[in-house]
Amino acid sequence: MHGVRSYAEPPEEDSARFISLAKEALETCKQRDFSSQALSLVNRVLELNPDEYSLWNYHKRFVLNEIEKIMNYEPASFQEAAEQLFDSEFELTQRALYRHPKAYSAWQHRIFLLKTAKYHLPSKIYEGYFKKELEICAKLLDLDDRNFHGWAHRMRVGDIRGLQPSREELQFVTERIYGNFSNYSAWHHRSRILPILFKDQRDQYYLAVQEDLELVKQAIFTEPEDQSAWFYFRWLLRGAPSYQTTVSVLDIDNEILKKELCILEELLTLEPKCKWALLTKFYLLQIFGDFDNAETVLTTLQKLDPLRNGYYMYLKEKMRRSS
Amino acid sequence: MDRFTPLPVDLHQQYLCKAQNDTKSWEYFLTAHKRISGAYWTLTSLDLLHALETTDENAIISWIFSCQHESGGFGGNVDQDPNLLSTLSAVQCLALYRRLDELDSEKVISYIASLQLSDGSFMGDVWGEVDSRFTYAAILCLSILKRLDVIRVDKAVEFVISCLNFDGGFGCIPGAESHSGQVFCCIGALYLTDSLYRIDQELTGWWLAERQLKNGGLNGRPDKKADVCYSWWVLSSLAMLNKLDWIDSSKLIEFILHCQDLENGGIADYPDDRSDVFHTFFGLAGLSLLGCPQLKRIHPAYALPLEIIS
């Protein structure tokens with residue numbers, strides 16, 4: 001089990017009881033028994049183990065079954081019944097996720113609920129669910145800002161609503177980066193949002209990239225040994241590959257790259273053994289065709305970071321072949 | 001050679017056999033829904049240890065078939081709903097025992113093909129969750145059954161490429177953060193479809209190489225702790241990219257060996273944690289990839305002993 005030294009395991013008779021409870025619950029699912037008694041049995045097991053995916057599937061069938069039942073109600077009573085149904089389903093998954101924030105099937109059940117709500121309910125109700133969903137994601141990311149389920153869920157929710165990443169989303173990410181420069185997840189999402197946001201606005205994109213270089217500068221001077229901002233820095237310098245539609249710094253201005261090299265030198269005066277500054281410096285020197293100095297940097301890296309000696313040897317060899 | 005020894009082969013074998021027969025513990029309760037994947041991890045580990053013949057083959061095979069549904073897909077256990085990941089585990093177990101001929105493979109391949117969407121991605125089951133893990137599961141399953149022709153491979157590859165990120169890694173859906181587990185699945189899918197040329201392999205290899213930490217272990221994402229499961233996911237990805245020498249394998253071996261339980265057998269996620277079959281498999285698979293002489297060699301994409309893949 002991940003990170004488990006010795007967990008407080010229930011006594012064996014309890015385990016045996018839960019195992020037979022789970023068996024009973026699965027049997028209930030097979031019978032398509034949607035009585036309140038059956039539901040509470042299933043929910044009991046789900047609370048103990050939210051990874052029991054077949055029991056979530058049972059809940060999906062239950063939701064569809066209920067919707068069919070209330071479909072012919074008067075609009076007002078339909079709405080009331082539907083809200084009651086969805087509220088209790090959302091609450092069940094929420095309880096599971098607060099205790100097990102990485103339970104794939106519980107996250108997925110919420111996606112199912114959102115899609116189903118959007119299909120069957122009036123917009124003012126499902127819009128409320130979407131809004132609440134983003135709030136819950138934010139709360140879970142407050143507890144663990146690297147929870148990739150939480151981040152992916154935000155994207156999935158946006159997709160179901162048919163929304164493109166917005167300035168608010170960029171703002172959300174920016175706040176997370178300022179809260180913690182080591183939040184690689186937030187840097188990642190920045191790299192995703194920027195190219196979409198400024199897709200047809202080259203000038204604005206150019207400005208955004210320059211602002212980001214400032215942001216990166218703050219991050220690398222604060223946490224020089226932390227790889228998060230360095231990977232992002234490299235992306236800004238490299239320009240995006242063909243699968244991301246964007247404008248690279250290289251396309252814009254060689255002067256910027258020279259300025260960045262000066263910034264790296266400044267950092268290296270303070271932190272001469274900073275691997276990441278050296279690696280980025282190597283990258284820029286190579287672009288400028290300064291192969292002798294680039295090779296010296298690689299030799300330093302081989303000593304400083306022996307784990308990746310093979311990678312540095314590869315870079316040396318490749319440079320020799322191309323120069 | 002010395003860097004691997006001594007690997008307490010018998011102890012690990014005992015641990016795995018005991019775990020395989022455990023149906024009463026709390027751990028069993030928590031993992032019963034994916035017992036078929038547990039069987040795959042256990043049986044592959046035992047095979048790597050040259051001990052598959054100690055298992056009750058016929059009983060296991062008939063239990064596996066009892067997990068199959070009318071649709072052709074397998075569930076994670078008896079009475080569990082069918083899904084792609086369990087179907088892959090079932091097929092891998094049958095391959096280990098060389099008993100694929102008993103499988104109604106037409107049914108299985110039509111189940112898998114039915115889960116492909118028009119954008120090339122795969123759903124994990126009929127309920128519609130999409131994830132690049134499922135693309136790998138589908139492609140690997142069909143590769144084992146030699147029936148890749150039943151899906152749109154070109155579209156599946158396009159979907160995988162759409163999960164590629166700024167750092168050369170891959171996420172679970174387009175735009176999701178890179179994660180070594182997903183990188184393994186996407187690299188595996190590209191490898192099995194001869195499509196690795198589509199990506200910047202140097203960039204991906206660099207991101208993977210940066211997963212190695214000072215203690216020799218590998219992590220799954222930047223600024224995370226090392227964990228033995230990445231000794232498989234990161235390492236096999238590097239192997240498929242032909243870049244195993246970009247990290248320090250001796251230090252990694254040391255880390256994996258430190259995660260062994262030398263009293264009761266098995267391997268844990270981290271030194272001094274409690275071992276489980278999942279991490280025992282990933283630890284042994286990593287050691288096998290690095291050439292441990294006491295273990296059979298494993299294939300980085302098929303995740304089965306090399307001798308099974310002919």
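Bear in mind that the values here come from a model prediction, so they are computed numbers and not experimental data. (Residues numbered from 1 in each chain as written. Chains lettered and ligands numbered in written order. Predicted model: local features only at pLDDT ≥ 70, side-chain atom pairs only at ≥ 80, totals over all residues. Heavy atoms only, no water.)

### A few points about the overall build of chain B
Spelled out, the test is: In this description a helix means any DSSP run of H or I spanning at least four residues, a strand means any run of E spanning at least two, and both kinds are numbered starting from the N terminus. Working definition: with a 1.4 Å probe on protein chains only, accessible area under 20% of the residue-type maximum means buried, over 50% means exposed, and in between means partly exposed. Surface exposure here means Shrake-Rupley accessible area, sampled with a 1.4 Å probe, where a residue is shielded only by the protein chains that are shown. Neither His nor the chain ends contribute to the count of charged residues, in which Lys and Arg are positive and Asp and Glu negative. Charged side chains are reduced to one point each, which is NZ for Lys, CZ for Arg, CG for Asp and CD for Glu.
Helix and strand counts for chain B come out as 13 helices and 2 strands. Here the C-alpha coordinates of chain B stretch approximately 50 × 45 × 35 Å along the principal axes. Across the 310 residues of chain B, 68% fall into the buried class. Within the structure as shown, chain B displays about 10,500 Å² of accessible surface, and the carbon and sulfur contribution to it stands at 50%. Across chain B, 24 positive and 40 negative side-chain charges occur, with their mean positions spaced 1 Å apart.

### Digging into the packing of aromatic side chains
The description of two aromatic rings rests on the distance between their centres and on the angle between their planes. All names here are of chain A. Threshold: Pairs were defined over the aromatic rings of Phe, Tyr and Trp, the Trp ring being its six-membered one, requiring ring centres within 6.5 Å. Orientation was assigned from the angle between planes: stacked under 30 degrees, edge-to-face over 60, tilted for the rest. Put simply, a charge is over a ring when the Lys NZ or the Arg CZ is close to the ring centre, within 6 Å, and near the line of the ring normal, within 35 degrees.
The final tally for this structure, using the stated rule, is 36 aromatic pairs over all chains. With 6.2 Å between their ring centres and 70° between their planes, Phe198 and Tyr205 make a pair best called edge-to-face. Positioned above the aromatic ring of Phe172 is the side chain of Arg154, whose terminal nitrogen or guanidinium carbon lies 3.7 Å from the ring centre. Across from the ring centre of Tyr283, 4.2 Å away, lies the NZ or CZ of Arg234, which sits over that ring.

### Observations regarding helix H16 (residues 309-322) of chain A
Rules: Expected helix span is given by 1.5 Å per residue-to-residue step, counting one fewer step than there are residues. Any two residues having at least one pair of non-hydrogen atoms within 4.5 Å are treated as being in contact.
The first and last C-alpha atoms of H16(A) sit 20 Å apart over 14 residues, in line with the 20 Å expected at 1.5 Å per residue. All buried positions along H16(A) are accounted for by Gly310(A), Tyr311(A), Tyr312(A), Leu315(A), Lys316(A) and Met319(A). Close packing links the buried residues of H16(A) with helix H14 (275-287) and helix H15 (291-304) of chain A together with helix H10 (201-209) of chain B.

### Quick look at the interface of chain B and chain A
For clarity, the cut-off: Note: buried area is the sum, over both parts, of the accessible area (probe 1.4 Å) each one loses when the two are combined. We define a salt bridge as a contact between a side-chain nitrogen of Lys or Arg and a carboxyl oxygen of Asp or Glu at a distance within 4 Å.
Chain B puts 63 residues into the contact, and the matching count from chain A is 63 residues. Across the chain B/chain A interface, buried area totals approximately 5,900 Å², and carbon plus sulfur atoms make up 56% of it. Our count for the chain B to chain A interface comes out at 6 salt bridges. Put simply, Arg308(A) and Glu210(B) hold a salt bridge, and the shortest N to O gap is 3.4 Å. Mapped onto the side of chain B that touches chain A, the elements with two or more residues apiece are helix H2 (26-31), H10 and helix H13 (277-289) of chain B.

### Observations regarding empty space enclosed by the protein
A probe as big as a water molecule, rolled over the atoms, marks out the empty space that is left. Rules: Computed over the protein atoms alone on a 1 Å grid, cavities are sets of points where a 1.4 Å probe fits but cannot get out and pockets are open sets with protein on both sides within 12 Å along at least five of seven lines; a residue lines them when it has an atom within 4 Å of a point. Grid points are joined across faces, edges and corners, and a volume is the space filled by probe spheres set on the points. Only Asp, Glu, Lys and Arg are considered charged in this grouping, and only Ala, Val, Leu, Ile, Met, Phe, Trp, Tyr, Cys and Pro are considered nonpolar; every other residue, Gly among them, is considered polar.
Per the stated rule, a full pass over the model turns up 4 cavities of 30 Å³ or more. In terms of lining residues, the largest cavity is bounded by Tyr104(A), Trp107(A), Gln108(A), Ile111(A), Phe148(A), His149(A), Ala152(A), His153(A), Arg156(A), Glu129(B), Asp131(B) and Cys172(B). For the lining of the largest cavity, the secondary-structure elements that each account for two or more residues are helix H5 (104-120) and helix H7 (148-161) of chain A. Among the elements that make up the lining of the largest cavity, the one with the highest residue count is H7(A) (5 residues). Class assignment of the residues belonging to the lining of the largest cavity gives a composition of 6 nonpolar, 3 polar and 3 charged.

### Considering helix H2 (residues 36-48) of chain A
A rise of 1.5 Å per residue sets the reference length of H2(A), with its 13 residues, at 18 Å; its end C-alpha atoms lie 19 Å apart and thus fit the reference within 8%. Looking at the buried side of H2(A), the elements it contacts are helix H1 (12-30), helix H3 (53-70) and helix H4 (75-99) of chain A together with H2 of chain B.

### Here we look at the domain arrangement of chain A
All names here are of chain A. Threshold: Residue ranges labeled as domains rest on an automatic or database domain assignment.
Under the domain assignment used here, chain A contains domain 1 (1-163), domain 2 (170-252) and domain 3 (257-323). Averaged C-alpha coordinates put domain 1 and domain 2 at centres separated by 35 Å. The partner domain 2 presents 11 residues to the 8 residues of domain 1 that form the contact. Taking both partners together, domain 1 and domain 2 bury about 850 Å²; carbon and sulfur atoms supply 58% of that area. Linking domain 1 to domain 2 there are 1 salt bridge. The shortest N-O distance in the salt bridge between Asp142 and Arg176 comes to 3.0 Å. Residue assignment for the side of domain 1 that touches domain 2 shows that the elements contributing at least two residues are helix H6 (123-143) and H7. Here the residues of the side of domain 1 that touches domain 2 sort into 4 nonpolar, no polar and 4 charged.

### Some details on the environment of Ala268(B)
One can find Ala268(B) in the loop between helix H12 (249-258) and H13. The residues touching Ala268(B), leaving out its near neighbours within four places in the chain, are Val228(B), Cys259(B), Asp273(B), Arg274(B), Ser275(B) and His279(B).

### Here's the deal with unusual backbone geometry
Residues and elements named next belong to chain B. The phi dihedral of Asp79 is positive, around 75°, even though this residue is not glycine. Looking at the secondary structure, you find Asp79 in the loop between strand E1 (74-75) and strand E2 (82-83). Its relative accessible area of 26% is what places Asp79 among the partly exposed residues. One non-glycine residue with positive phi stands out, namely Arg98, at about 55°. Of note, Arg98 is situated in the loop between helix H5 (84-96) and helix H6 (105-114). Exposure remark for Arg98: the relative accessible area of 53% places this residue in the exposed category.

### Some thoughts on the UniProt feature "domain: Prenyltransferase alpha-alpha toroid" (unreviewed entry) in chain B
Here is the rule: UniProt positions are given in the numbering used here, feature names are shortened, and annotations may be inferred rather than shown by experiment.
Mapped onto the present numbering, the UniProt feature "domain: Prenyltransferase alpha-alpha toroid" (unreviewed entry) falls at residues 9-303 of chain B. Along residues 9-303 of chain B one finds 49% helix and 1% strand; the C-alpha atoms at either end are 20 Å apart.

### Concerning the side chain of Lys243(B)
Inspection of the secondary structure puts Lys243(B) in the loop between helix H11 (230-240) and H12. For the buried residue Lys243(B), which engages in no salt bridge, the nearest side chain bearing the opposite charge is Glu202(B), 6.9 Å off.

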